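# Descriptive structure summary
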Amino acid sequence: MLIINGDIGGTNGRLELYEGGSEMAATDFTLKFASTLPSSNFKGLADLVSTFLQNATKEGKYNDGDIIDGCCLAVCGPVKDEAFMCGPVLPAQPPTQWKAHKDDLVKGPLGKIIKRACLINDFIAVGLGLTALSKDDIVVLHEAPKVDKAPIASVGPGTGLGEVFLTWQESKKQGQQGNYIAWSSEGGMTELMARTQEEWELKQWLVNRDGYATVESAVSGPGLANIYKYLRSKGEDTSAVDEDAEDVLQKQITEQAAKGDAMCNKALSMLMKIWAAECRSIALRVMPHGGLYLTGGLTPKLIDHMKVLVESYVNDDQLNASIITAVPLYACMNDHVGLLGARIRAARLLTE
């Protein structure tokens, strides 16, 4: 049996073709072909997947016309009923501007090949992928007993701030094992809650500039740039960073911080403490004793700065410290975790 899994963003679409069986775990499937394609080169999902299969055929990894038993694509935006995109996120970029729908895959020319398909939000895919990580994919940041089948949660800053939580569901079929179900969240869009005078001033600076201040406004790649700009607006102009170079500003900040730049290190410290505060909130709301995972593109990039986050996570809420510190905290170092999650969901389609 063949499955296609993909992680389709506004810039690139990463797709994989796997072979396996309905009784196999997704991690035991065999990779046949993988490819990364620029999303902007395509008119929609059907166009993208058709090109992927054509390329696989040219490489001798797929026989034209062979049935694809399951296809799951993770997309950057809200998805309803695992069927169609329903939100305004990135409206001018694929796949949102395509108005992506699973019918693009199971009807029309591809309908003769693809038997089952679904779309999921990209952070739902991250959540599912967390359930199949290897030990090499994880850095333990705060150790606590991990409880089998307990809720799992993730906070993942990258271009934005993604959040997801998972709950265990027992199988309704006798003899079959249950699995984790991932639940979407827009937690990154909640209001930024300041804990210190400096965070309050940052919040006011963001509100004055943008009209709002979300957690994502501070805990993300653009959020790091926001914090740096706020600090510089106070007249602390001692940094070597070229603020006008917007496209490389985030990279400059981390590079200069490593060289000892005081303002860049202060910006990173503020981000890590606000990130830690969000983790504490998730620990209290979800009580994810199956693990609270830091994911997203910033996690591996800022792994050397995690000491600030961990100290804040453990120490900065003495009222609830016993609850928070009972939740294990991990860093996910696998930047293909969403692709893994899409594979897990595609494999589940085989038994539905």
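Just above sits the structure.
Residues numbered from 1 in each chain as written. Predicted model: local features only at pLDDT ≥ 70, side-chain atom pairs only at ≥ 80, totals over all residues. Heavy atoms only, no water.

## Observations concerning the layout of surface pockets
Estimated volume of the second largest pocket: approximately 280 Å³. Lining of the second largest pocket is provided by 15 residues; of these, Met193, Ala277, Glu278, Ser281 and Arg285 occupy positions nearest its centre. The biggest single contributor to the lining of the second largest pocket is helix α7 (residues 262–286), with 7 residues. By residue class, the composition of the lining of the second largest pocket is 6 nonpolar, 2 polar and 7 charged. (1 Å grid on protein atoms, 1.4 Å probe; cavity = no way out; pocket = protein on both sides within 12 Å on 5 of 7 lines; lining within 4 Å. Points joined across faces, edges and corners; volume = space filled by probe spheres on them. Helix = DSSP H or I, 4+ residues; strand = E, 2+ residues; numbered from the N terminus. Nonpolar A, V, L, I, M, F, W, Y, C, P; charged D, E, K, R; others polar.)

## Some points on the packing of helix α6 (residues 249–258) against α7
Packing of α6 against α7 brings their axes to within 8 Å, and their N-to-C directions diverge by 110°. Relative to α7, α6 is oriented roughly perpendicular. α7 is crossed by α6, and the crossing has left-handed handedness. For the pair α6 and α7, contact is made by Ile253, Thr254, Gln256 and Ala257 and by Cys264, Asn265 and Leu268, respectively. Of the residues contributing to the contact of α6 with α7, the split by class is 4 nonpolar, 3 polar and no charged. (Axes fitted to C-alpha atoms, helices over the stretch in contact; angles between N-to-C directions. Parallel < 35°, antiparallel > 145°, perpendicular 65-115°, else oblique. Left-handed = near helix turned anticlockwise from the far one by under 90°. Contact = heavy atoms within 4.5 Å.)

## Let's talk about the nonpolar core
Counting residues in hydrophobic clusters, the biggest one holds 46 residues, and the most contacted among them are Trp275, Leu292, Leu309 and Tyr313. Counting 31 residues, the second largest nonpolar core, distinct from the first, contains Cys72, Phe123, Ala125 and Val337. (Core = buried A, V, L, I, M, F, W, Y, C linked by side-chain atoms within 4.5 Å. Buried < 20%, exposed > 50% of the residue type's maximum accessible area, 1.4 Å probe, protein only.)

## Details of the pairing of strand β13 (residues 329–332)
Here is the key point about a regular strand: its side chains alternate between the two faces of the sheet. Burial of β13 is two-sided: the residues Leu329 and Ala331 facing one way and the residues Tyr330 and Cys332 facing the other way are all buried. With 4 bridges joining them, strand β8 (residues 138–142) and β13 adopt antiparallel strand pairing. Opposite histidine 142, over in β13, you have leucine 329 as the bridge partner. For strand β12 (residues 292–294) and β13, the ladder comprises 3 bridges, and the chain directions are parallel. Within β13, the position partnered with tyrosine 293 by the bridge is tyrosine 330. (Pairing = 2+ DSSP bridges.)

## Remarks on the sheet that holds strand β7 (residues 117–121)
In spatial order, the strands read β3-β2-β1-β4-β7; together these 5 strands make up an open sheet with mixed pairing. Edge positions in the sheet fall to β3 (30–38) and β7, since each has one partner strand and no second. Strand-to-strand, the axes of this sheet are offset by a mean angle of 15°, without reference to chain direction. Note that strand β1 (residues 2–8) and strand β2 (residues 12–19) share 7 bridges and pair antiparallel. Counted as the bridge partner of isoleucine 4 is leucine 17 from β2. The sheet strands contacting helix α3 (residues 122–130) are β1, β4 (70–75) and β7, and the helix crosses β7 at an angle near 95°. Packed on one face of the sheet, helix α11 (residues 337–349) meets β1, β2, β4 and β7 and runs near 145° to β1.

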